[in-house]
Every structure is written in C-alpha cells, then in structure tokens.
Number of protein chains: 2
Amino acid sequence: MAVVSDIRENFADQLVSAIRRKNSCVVVGLDPSFKLIPDTIKQKFSASQKQALEYASRVILEFNTQVIDLITPYVSIVKPQIAFYELYGWWGVWAYAETIQYARQKGLIVIGDVKRGDVPSTAEAYANAHIGEVHIDNIVEIPFAADAITVNPLLGTDSLIPFLQTARKHNKGIFILVKTSNPSSGELQDIMCGTKKLHEIIAEKTHAWGKDFIGKQGYSAVGAVVGATFSHEISKLRKIMPAAYFLVPGYGAQGATAKDIAHCFNPDGLGAIISASRSILYAYNISPWEKKYGISAWKDATQEAVIKMNEEIRKILK
Amino acid sequence: MAVVSDIRENFADQLVSAIRRKNSCVVVGLDPSFKLIPDTIKQKFSASQKQALEYASRVILEFNTQVIDLITPYVSIVKPQIAFYELYGWWGVWAYAETIQYARQKGLIVIGDVKRGDVPSTAEAYANAHIGEVHIDNIVEIPFAADAITVNPLLGTDSLIPFLQTARKHNKGIFILVKTSNPSSGELQDIMCGTKKLHEIIAEKTHAWGKDFIGKQGYSAVGAVVGATFSHEISKLRKIMPAAYFLVPGYGAQGATAKDIAHCFNPDGLGAIISASRSILYAYNISPWEKKYGISAWKDATQEAVIKMNEEIRKILK
C-alpha cells in the first residue's frame, strides 16, 4: 500500500470542510451483510466451496465500491464497522482495508469503527495499525489508513495516550465511546458515581483529553460517540464537551429520529455527524423503499434514502 | 479452513483437563514484535520493498510456529494478542488466523486476546468471527477458530449476550475485562459507585453471566481478566466470582510476581491461568537470560524462561 503524506490539517478542520463542501453531516456505515447483497453483484464472482471466505469478501468489496460511487455526490464520511469484515476472517479484513483505500481515493473521510482499547503497549499497536504506520526494517507501511477510529475508554488515560499521540502525529481523529446507542448501555454507563453518571465522567475526561487537539474551526480531533437513542442525555453531554465532534449512531434502523438528534448540534449547526447503516445500504429491503423499488432497483433505493436523510437533518438544522 | 466439530465439552472443563495434563497454568502470550524476532528466522524469507507487510507477517508466523513447538511440552494455553497482528494489516491478520490453526493442531488451547465489545448486532458478528461460524450461502466457515476470547463489558448485558450465546453453542469460553493490569486501570474501574467500585459491579455481573456455564469441575466458561499488578483487589474478586477462571496478565514484563498472583487461585489450586508474553518470547533479550544465552540461543532462553515460570507458580500452589 502506498504511503500517504502526513501534511494534513487538524482532523476536525478536515471534517468541517468536508461537511460544508457537500452540506451533509451524514455518515454512511459500511456494514456489509452478505445475505442482503443483491445477486447481481454476487453473480460477478464464482462461488467456490473451498474459498467461501474469499468469495464473500470479494462480493462485499464490490458492493462497497458500488455503494461508495453511489453516495459520494451526497455524503463526505463513511464508517466501515470492522466486525462485519472480521466475520469473513482475514479475507474480510482484506476487504476492510481495500474499502478504506477506495473511499479515501474518492475523497471521503473514513472512520474505522473498531472500538479498540487495551493496555498501553497493545494500544500503541492498535493505534499504529489503524491510524498510524508500522516500520519494517527501513520500510514504512500504512496498515489500514483510516482517518479516524472509535476507541473504548474503560482502561483509562494510559490506554488512550497511544491513540492521542498517534492522532497528533498523523493529524487523525479519535471518537471515544461516551454513551452508546444500545438498550443496555445505561447498565454501566449510567451508573451513579457520587453525583455524576459514569458516562458524564467519561465525557469530562474526553473534553480534557481533547483540549490540545482543537483546530481552527473550534472543534477537537478528539470526538465522542453519543447514541441518538438517548436524547435526554445529549443536551447535558453537549455542554460538558462543547468542542467535541459527536459521532451519533442509531439513526434509522436503531430507532432514533431527526428530532432525537437535534440536541447533538451546537448553535453553529456543527458538532455532530449522524450515522446510518442498514437503512441506507439495504434501503431496498425496508419501508418505505421496498415497495417502490425492490432489490433490482437497490441503487435507486439507497440513493433516495441518503438524499432523504440529508434533507431530514438539514431541516432540523434550519 | 476446515470446519471444526462442535462435539466438545464445556470450555472450563477443557481448560482444567489441559492444565492438569501438563501441570501448568501458564499462558504464553503470542505477541510478536518484528524487531525482536531473531535474524535467523528473518533470513528464511526475502524482504521485498513492495510487500513488507507480507514479509513481516510470514516472519511472524514462522517465529510463532517455532515458539509453539518449543513451549508445547510445557504449557497448555497460548494467547495471541490480535493488536500485534493488525499492526501488519490484513496480512498480519492472516498470520493471526494461521497461528491459531497451528496452535490448535498442536493440542493447545487458544485464547484470542481481542477485547471486543459493541452493540448487539455488531457483537454478534464479532462473536461469530472469533469463536463461532459464518454462513455463506450453504457453506459454513470458521473465520478464526479461537477456543476463547477476551471481551469488554462497557456496553452492558445486551452487548455480551451474543458472545455468551455463541460460547454456549460451540462450547467456547469468554473472559470479561474486570480489572485490567495497566497503571491507569483504576481511573474508571476503581471509581466508587455507591458502596462498590465499578470493577466489583462488573465482577458481580460476570459471576451472574457465568452461572449457567458451569462445567463438571465447578468452573464457568465465563471467566474474568484480572490484572496481577493489583494483588490487594484480587482476594475480594476471588470471593465475588468463585466459579470464574481468572485470566491474569501482567506476570513478568508488566511487573507482577509469583507472590502477587497467589490470591488468584482457589484452595483447590485451580481458578487462574497466568499469562506472560515478552518475558517468554524475548527471554534472550532480558535479565537473567540475556547474559547466559543471547540472541543466537534464543530458543534455550525461551525454554528456560517457561520452565522457570512453571516452577515459580507450582511453588506458590504447594
């Protein structure tokens, strides 16, 4: 893989420019599901009994490139979730790496949704793998080349320092899990620790970790994952982390609506990017598109779903 | 990759049998560091400027197979840390998959140290990737085939259910992060939530999650990661989770001694497996082995280090 130049601006500035360029803060989650990929794509490849993981991974990459071509006029950011690639073994991880390369060639910002977190020496390896570089004798290689990744803060500051240092060195971004979108997220994240909930403490730390990463637009390269499904928490988190970009999952398939996400934004109309996966990728399969289009017109369904999501979010930002 | 039969006993019973067979509860962490791998191994492969990631990954796999051959007479369990493979991109993940296959062929139990954790649909993909199976049309494939993995509990019960279900279906194990071994682990994990520390609450939940997974030997297939570097916490955790197998990192390079880990065990001499990585793999490079052996005799150093670690732990179990 080619070595990418490090002469880049602060990640948050890149993000704001990209959002303004297309007037879109939508993030398309590239979460492939082999079963839901249209047969027209599968038929391009020969399914071999012996090499099913390779076959599935090639199908996934082809689907992703078609989706990327389709959405690039409308959105600036994609977010491949690595779990749905690991599911196909190392071949799947190959498709993950190739997907990132292709999206970046198209000028998209790529957030690797990897949710890594580990002890310092291990975190350093993860950071270099996903947003940094590796030295092999005298050769420098970029293993995965995402622009930003999601990280899990459970292990504390020393486990995050390698991600922060790597982000600084290469002008990359990180999004720290503050309040996740799943129904059980409150079980630990909402636990009262004295007068504060655990996720509020994580939010305060995220604000502190991000203070030295603020770009020209006033936002930090250290962002936060904040689930849209808990809109009552969001206003408070917005105040605790005024400079953090919120990566907001849960729109569409996970049940959050445009109204729920309104509080994620600052008065400047910035500060949040909103992610949807299944409701865009497999729009042909869900209401209201499945009746209008069906699988043979999956591209039209995906295109209309992403245009509509942009419109819904623009409406609440007016 | 071949489909592995699911006719296996409870993971904790497999673990106890394996420990008894070799009278060893040592886990060798297979954390490759390209820089520290002896040149005699690197010289078997031609370093190509264009394919440095492939070259490094082939070197790593060769090193791992030699280490596995060397340690198999003395230990029953290995624990590859996937971060040190992801560092070499998808080629590195290939080496991770091949390492697992090789270790299992040698009869070793493999714990994939992946520390995954995500929302339910994503957690399901991770679970199937690492300890389950994937269906591609009518073909069933095993993406990574570990016997057990480590998981991060920050997202709560619904994020762990897919791991629990997959472990049950395939008689695999999971180790939940309860108290990690890094210096900052207390920052969130020791926070007081009412009268309890956060990691004690996670320990109580781990005990509850593991109740339905107890094997014939009285131990659960749902274990806990408990850092040996905090010996004052361990006795309390042993009481909260009497049936959980403790995966104890931090022995050797991270500073924990045999004395520190004594409290991890139950009176039956079972209940804990102790992990060391750098102090075994790169014994030739550290005290007291570096003067006696040096790099040309790295195998002797590794062999003596693993024998000595076994002896140290047996001594405290008497």
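Residues numbered from 1 in each chain as written. Chains lettered and ligands numbered in written order. Predicted model: local features only at pLDDT ≥ 70, side-chain atom pairs only at ≥ 80, totals over all residues. Heavy atoms only, no water.

Novice: Describe the sheet that holds strand S1 (residues 26-30) of chain B, naming the residues involved and giving the relevant values.
Specialist: All names here are of chain B. If you walk around this closed barrel you meet the eight strands as S1-S2-S3-S6-S7-S10-S11-S12, and the pairing is parallel. Along the sheet, successive strands turn relative to each other by an average axial angle of 30°, direction set aside. Pairing geometry for S1 and strand S12 (residues 272-276), over three bridges, is parallel. Its bridge partner lying in S12, Val27 is registered against Ser275. Relative to strand S11 (residues 244-248), helix H10 (residues 231-240) is tilted by about 160°, and along the sheet it contacts strand S7 (173-179), strand S10 (220-226) and S11. (Pairing = 2+ DSSP bridges. Helix = DSSP H or I, 4+ residues; strand = E, 2+ residues; numbered from the N terminus. Axes fitted to C-alpha atoms, helices over the stretch in contact; angles between N-to-C directions. Contact = heavy atoms within 4.5 Å.)

Novice: Any chance you could break down the relation of the copies chain A and chain B for me, citing the residues and the numbers?
Specialist: For the pair chain A and chain B, the superposition axis carries a translation of 0.0 Å, the fit reaches an RMSD of 0.0 Å, and the rotation angle comes to 180°. What the superposition gives is, in effect, a two-fold axis relating one chain to the other. Across chain A, the rotation axis passes nearest the C-alpha of Cys193 of chain A, at a separation of 2.2 Å. Counting the interface residues of chain A, we find that 100% of their copies in chain B are interface residues as well, pointing to one common contact surface. (Least-squares fit on C-alpha atoms with pLDDT ≥ 70 in both.)

Novice: Now, about the UniProt feature "active site" (unreviewed entry) in chain A: what can you tell me, with residues and values included?
Specialist: Mapped onto the present numbering, the UniProt feature "active site" (unreviewed entry) falls on Lys115 of chain A. Turning to its location among the elements, Lys115 of chain A is positioned in strand S3 (residues 109-116). On the accessibility criterion, Lys115 of chain A (9% relative accessible area) is buried. With residues up to four places along the chain from it excluded, the contact list for Lys115 of chain A reads Gln81, Thr150, Val151, Asn152 and Leu177 of chain A together with Gly117 and Asp118 of chain B. Of note is the side chain of Lys115 of chain A, whose polar atom sits 2.9 Å from the side chain of Asp113 of chain A. (UniProt positions renumbered as here; feature names shortened; annotations may be inferred. Buried < 20%, exposed > 50% of the residue type's maximum accessible area, 1.4 Å probe, protein only. Polar contact = N/O pair within 3.5 Å; in protein donor to acceptor, adjacent residues only side chain to side chain.)

Novice: Describe the interface of chain A and chain B, listing the residues and the values that go with them.
Specialist: As a measure of interface size, the accessible area lost when the parts come together is often cited. In this complex, chain A contributes 71 residues to the contact, which on the side of chain B involves 71 residues. Of all residues in chain A, Trp90, Leu154 and Leu188 of chain A bury the most surface against chain B, accounting for 14% of the area lost on that side. Applying the counting rule to chain A against chain B returns six salt bridges. Here Asp118 of chain B and Lys115 of chain A are joined by a salt bridge, their closest N and O atoms 3.1 Å apart. On the surface where chain A and chain B come into contact, there are 23 residue pairs in polar contact (both at pLDDT 80 or more). Per element, the largest residue contribution to the side of chain A that touches chain B is eight residues, and it comes from helix H6 (residues 120-131) of chain A. Split by residue class, the side of chain A that touches chain B holds 39 nonpolar, 20 polar and 12 charged. (Buried area = accessible area lost by both parts, 1.4 Å probe. Salt bridge = Lys/Arg side-chain N within 4 Å of Asp/Glu carboxyl O. Nonpolar A, V, L, I, M, F, W, Y, C, P; charged D, E, K, R; others polar.)

Novice: Got a sec to walk through unusual backbone geometry? Specific residues and values, please.
Specialist: Residues and elements named next belong to chain A. Look at the link from Ser287 to Pro288: it is a cis peptide, with omega at 0°. As for its position among the elements, Pro288 is in the loop between helix H12 (278-281) and helix H13 (289-292). You will see that Asn23, though not glycine, has its phi angle at about 50°, which is positive. Its relative accessible area of 48% is what places Asn23 among the partly exposed residues.

Novice: Explain the environment of Glu98 of chain A to me, and be specific about the residues and the numbers.
Specialist: Residue placement: Glu98 of chain A occurs in helix H5 (residues 89-105). Sequence separation between Glu98 of chain A and Tyr245 of chain A is 147 residues; the distance between their C-alpha atoms is 26 Å.

Novice: So what about the state of the cysteines? Which residues, and what values?
Specialist: Counted by the stated rule, this structure contains zero disulfides over all chains. The thiol of Cys25 of chain B is not disulfide-bonded; the next cysteine sulfur, from Cys264 of chain B, is found 9.6 Å away. Unpaired in terms of disulfides, Cys193 of chain B finds its nearest cysteine sulfur in Cys193 of chain A, a separation of 3.7 Å. With relative accessibility at 9%, the residue Cys193 of chain B sits in the buried group. (Disulfide = S-S within 2.5 Å.)

Novice: A description of the nonpolar core should follow, citing residues and the corresponding values.
Specialist: With 250 residues, the main nonpolar core has Phe246 and Ile273 of chain A together with Phe246 and Ile273 of chain B as its most contacted residues. Each residue touching Ile273 of chain B, except ones within four places of it in the same chain, is listed here: Leu15, Ile19, Cys25, Val27, Ile77, Ile111, Phe175, Tyr245, Phe246, Leu247 and Val248 of chain B. (Core = buried A, V, L, I, M, F, W, Y, C linked by side-chain atoms within 4.5 Å.)

Novice: Break down the pattern of salt bridges for me, citing the residues and quoting the values.
Specialist: By the definition in use, this model includes 35 salt bridges over all chains. Note that Lys196 of chain A and Glu204 of chain A form a salt bridge whose closest N and O atoms lie 3.2 Å from each other. Between Lys179 of chain B and Asp190 of chain B there is a salt bridge, and its shortest N-O distance comes to 2.9 Å. Residue Lys179 of chain B is located in strand S7, and its partner Asp190 of chain B is located in the loop between helix H8 (186-189) and strand S8 (192-193); the two are separated by 11 residues in the primary sequence. Residue class for Asp190 of chain B comes out partly exposed when judged on its relative accessible area of 21%. Salt bridges linked by common partners bring Lys79, Asp113 and Lys115 of chain A together with Asp118 of chain B together as one network.

Novice: So what's going on with helix H7 (residues 157-170) of chain B? Residues and values would help.
Specialist: Residues and elements named next belong to chain B. Compared with the 20 Å implied by 1.5 Å per residue over 14 residues, the 20 Å span of H7 between its first and last C-alpha is a close match. Among all positions of H7, only Asp158, Ser159, Leu160, Pro162, Phe163, Leu164, Thr166, Ala167 and His170 are buried. In this structure, the buried residues of H7 make contact with strand S3 (109-116), helix H6 (120-131), strand S6 (148-151), S7, helix H9 (198-210) and S10. The positive-phi residue at the C-terminal boundary of H7 is Asn171, with phi of around 55°. (Expected span 1.5 Å × (residues − 1).)

Novice: Quick one: what's the story with the packing of H9 of chain B against H10 of chain B, residue by residue and with numbers?
Specialist: Residue and element names in this part refer to chain B. Running from N to C, H9 and H10 cross one another at 30°; their axes reach a closest spacing of 9 Å. With respect to H10, the element H9 is oriented roughly parallel. Taken as a pair, H9 and H10 cross one another with a handedness that is right-handed. When H9 is examined against H10, the residues His199, Glu200, Ala203, Glu204 and His207 are found in contact with a partner set consisting of Glu233, Lys236, Leu237 and Ile240. Among the residues forming the contact of H9 with H10, the class breakdown is three nonpolar, two polar and four charged. (Parallel < 35°, antiparallel > 145°, perpendicular 65-115°, else oblique. Left-handed = near helix turned anticlockwise from the far one by under 90°.)

Novice: Explain the pairing of strand S2 (residues 77-80) of chain A residue by residue, including any values.
Specialist: Residues in a regular strand project their side chains so that they alternate between the two faces of the sheet. Residues and elements named next belong to chain A. Neither face of S2 is open: one carries Ile77 and Lys79, the other Val78 and Pro80, and all of them are buried. Two elements, strand S1 (residues 26-30) and S2, share four bridges in a ladder whose sense is parallel. From the neighbouring strand, Leu30 faces S2, where its bridge partner is Pro80. In this structure, S2 lies alongside S3, joined through two bridges in parallel fashion. Counterpart to Ile77 in the pairing with S3 is Ile109.

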